[in-house]
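# Coordinates in review
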Amino acid sequence: MNKSYDVVVLGAGAAGMMCAAIAGQRGRKVLLLDHAEKLAEKIRISGGGRCNFTNIDARPDRYISENSHFCRSALAQFGPQNFIAMIEGHGIAYHEKKLGQLFCDDSSQQVIDMLDAECQKGGVVRQMGISIGAVRKDEAGLFWVETSVGVFGATALVVATGGLSIPQIGATPLGYRIAEQFGLPVTGLSPALVPLTFHVADAEAFAPLAGVSLDVEVRAGKGRFREQILFTHKGLSGPAILQISSYWEPGMDVVINLLPDCDVQAFLDERQSSEQLVSNALAELGWPKRFAEAWLSRLGFNVRLKDLSPKKRLQLAEQVQHWRIKPNGTQGYKKAEVTRGGVSTKALSSKTMAAKDVPGLFFIGEVVDVTGWLGGYNFQWAWSSGYVAGKNC
Ligand code: FDA
């Protein structure tokens, strides 16, 4: 079967469905292709099944990219308020959980059904469960996509195949390969929004703390976040660690302020003649007892306050407020929410998402070198970039 369309969209995920719907509603004849049997599996599993579909504070400084301004135009053309209007238009109830993060009250399936309805409104044709082979552009400027169910031609090709995270549900490097085939650079790729792992000695020492969660401030590279960390059997997780993982590079220390609201030096000085154990004293400041005992014992500080010399008090305060830990890696793409890096923004128009040097070729969503913070920012990028490509393809 050889068939022609105006637009072929590769990937029926968040960005691809948005783009297909908008292009279809403009009157473009659109074909949406995906190797998965079901639409937008990542939306389905997102946000614990309730999809954190946007963040009301989505703005360029919440995104990591070689060009931190690249996402500005797409966010301005279709921002959180536009997506919220679409959600409300479909009667989907939602709530803010924290920090501007909006979730469905009911189920993430509602977002998939909404995008599906928008695609149907635009007359989008789709083929799910197919495999995609070679992609080429002919002398007349038409793109041709070989698939297991035939060859499809189009004047515009939109690549929305996402990143590498969660290969179990269909992530592949197809989008990066197509970029390279057409001469677009791809930046270094790494798992992001991912738990960090300890070296063996730290993993053994902190194993009894698995399950302990603390409100901390975490720093690495240019990143700084105030949120919860969670000790796991392998290392550290929790929102603060997922966030900082996007800024962490192998070999870097992660610096954690374990009592960010407290002047620990002053606290210890005030109690310098106390009989109390340091662990009991710090538990009064909010540390779980189990954490206080294990963490202080490991560093040799679980003594009576009066037995700490001034030098030891200084050292302890420094450790509590600037605890440095060197992870040995991350839990990788199997556990990462996103891929950091992607198709270089240098090769794309920020206004349309079109490749500057390949007329008719577009890249949108996670396959592009734009990585959002945790908290609805990545879906917002998928909607924004999908929308602008849909308007221009
Ligand atoms: P997406 O991955 O959605 O879609 C890509 C599509 O391309 C898929 O349907 C895939 O099957 C298809 N595809 C890939 N390779 C192919 C090939 N070779 N042939 C054919 N088809 C191919 N973000 C957020 O903002 N809020 C949240 O709550 C969450 N929660 C969350 C939880 C979990 C567990 C994960 C893994 C991720 C999140 N995210 C998130 C991130 C968010 O899911 C992600 O950024 C977007 O889905 C990216 O949208 P895209 O459309 O770019 O890719």
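Residues numbered from 1 in each chain as written. Predicted model: local features only at pLDDT ≥ 70, side-chain atom pairs only at ≥ 80, totals over all residues. Heavy atoms only, no water.

As recorded in an unreviewed UniProt entry, the chain goes by NAD(FAD)-utilizing dehydrogenases and comes from Aquitalea magnusonii. Regarding the chain, the UniProt comment filed under Cofactor (unreviewed entry) reads as follows: "FAD". (UniProt positions renumbered as here; feature names shortened; annotations may be inferred.)

### A word on the overall build of the chain
When you go through the chain residue by residue, the secondary structure sums to 13 helices and 21 strands. In the chain, the proportion of contacts linking residues at least 24 apart, taken out of those at least 6 apart, comes to 72%. Accessible area for the chain stands at about 16,300 Å²; split by element, carbon and sulfur atoms hold 49% of it. (Helix = DSSP H or I, 4+ residues; strand = E, 2+ residues; numbered from the N terminus. Contact = heavy atoms within 4.5 Å. Areas by Shrake-Rupley, 256 points an atom, 1.4 Å probe, with all protein chains shown as cover.)

### A short note on the packing of helix H1 (residues 14-25) against helix H13 (residues 377-392)
Axis angle and axis distance: for two packed helices, these are the angle between their axes and the distance between the axes, and together they describe the pair. Running from N to C, H1 and H13 point in directions that differ by 30 degrees, and their axes come no closer than 7 Å. Between H1 and H13, the crossing angle belongs to the class labelled roughly parallel. Pair H1 / H13 crosses with right-handed handedness. Here Ala14, Ala15, Met18, Cys19, Ile22 and Ala23 of H1 lie close against H13, whose contacting residues are Phe379, Ala382, Trp383, Gly386, Tyr387, Ala389, Gly390 and Lys391. Broken down by class, the residue content of the contact of H1 with H13 amounts to 11 nonpolar, two polar and one charged. (Axes fitted to C-alpha atoms, helices over the stretch in contact; angles between N-to-C directions. Parallel < 35°, antiparallel > 145°, perpendicular 65-115°, else oblique. Left-handed = near helix turned anticlockwise from the far one by under 90°. Nonpolar A, V, L, I, M, F, W, Y, C, P; charged D, E, K, R; others polar.)

### Considering the site of the ligand
Lining the immediate environment of the ligand, one finds 31 residues, of which Ala15, Asp34, Thr172, Glu366 and Phe379 sit closest. Here an oxygen atom of the ligand and a backbone polar atom of alanine 14 are 3.1 Å apart. Here a nitrogen atom of the ligand and a backbone polar atom of asparagine 52 are 2.9 Å apart. The element contributing the most residues to the shell around the ligand is H13, with four residues. Residues belonging to the shell around the ligand are distributed by class as follows: 14 nonpolar, 13 polar and four charged. (Near = heavy atom within 4 Å. Polar contact = N/O pair within 3.5 Å; in protein donor to acceptor, adjacent residues only side chain to side chain.)

### Observations concerning the state of the cysteines
Working definition: the covalent bond between the sulfur atoms of two cysteines is a disulfide. What the rule picks out here adds up to zero disulfides. Of the cysteine sulfurs around cysteine 51, a residue in no disulfide, the closest is that of cysteine 104, at 5.4 Å. By relative accessible area, which is 0% here, cysteine 51 ends up buried. (Disulfide = S-S within 2.5 Å. Buried < 20%, exposed > 50% of the residue type's maximum accessible area, 1.4 Å probe, protein only.)

### Some words on the nonpolar core
Counting residues in hydrophobic clusters, the biggest one holds 131 residues, and the most contacted among them are Leu184, Phe231, Trp287, Phe363 and Trp383. With nine residues, H1 is the single largest residue contributor to this core. There are two domains that each give this core at least three residues, and those are domain 1 (2-190 + 340-392) and domain 2 (196-330). Beyond its immediate chain neighbours, meaning those up to four positions away, tryptophan 287 contacts Leu214, Leu258, Leu259, Leu282, Ala292, Trp295, Leu296 and Val320. In this structure, Leu193, Leu242, Val338 and Leu374 belong to the second largest nonpolar core, which totals five residues. (Core = buried A, V, L, I, M, F, W, Y, C linked by side-chain atoms within 4.5 Å. Domains from an automatic or database assignment.)

### Some remarks on the pattern of salt bridges
Applying the stated criterion across every chain, the model contains 19 salt bridges. Where arginine 298 meets aspartate 202, a salt bridge forms, and the shortest distance between an N and an O atom there is 2.8 Å. Taken as a pair, arginine 298 in helix H11 (residues 289-298) and aspartate 202 in helix H7 (residues 200-206) lie far apart in primary sequence, 96 residues in all. Since its relative accessible area comes to 41%, arginine 298 is described here as partly exposed. (Salt bridge = Lys/Arg side-chain N within 4 Å of Asp/Glu carboxyl O.)

### Focus on empty space enclosed by the protein
Scanning all chains against the criterion turns up one cavity of 30 Å³ or more. If you go around the largest cavity, the residues you meet are Leu196, Thr197, Phe198, Leu236, Val254, Ile325 and Pro327. Here the residues of the lining of the largest cavity sort into six nonpolar, one polar and no charged. (1 Å grid on protein atoms, 1.4 Å probe; cavity = no way out; pocket = protein on both sides within 12 Å on 5 of 7 lines; lining within 4 Å. Points joined across faces, edges and corners; volume = space filled by probe spheres on them.)

### Looking at the domain arrangement of the chain
In terms of domain boundaries, the chain breaks down into domain 1 (2-190 + 340-392) and domain 2 (196-330). Roughly 730 Å² of surface becomes buried between domain 1 and domain 2 when both sides are summed, with 49% attributable to carbon and sulfur atoms. For domain 1, the biggest contributors to the area lost against domain 2 are Arg340, Trp373 and Leu374; these three give 64% of the whole. Between the two partners, domain 1 and domain 2, sit two salt bridges. One salt bridge in this structure joins arginine 340 and glutamate 249, with 3.7 Å as the shortest N-O distance. Looking at the side of domain 1 that touches domain 2, its residues break down into four nonpolar, no polar and two charged. (Buried area = accessible area lost by both parts, 1.4 Å probe.)

### Section: the packing of H1 against helix H5 (residues 109-121)
Between H1 and H5, whose axes approach to 7 Å, the crossing angle comes to 25 degrees. The orientation of H1 relative to H5 falls into the category roughly parallel. Remark: the crossing between H1 and H5 carries left-handed chirality. Here Met17, Met18, Ala20, Ala21 and Gln25 of H1 come into contact with H5, specifically with Ile112, Leu115, Asp116, Glu118, Cys119 and Lys121. A per-class count over the contact of H1 with H5 returns seven nonpolar, one polar and three charged.

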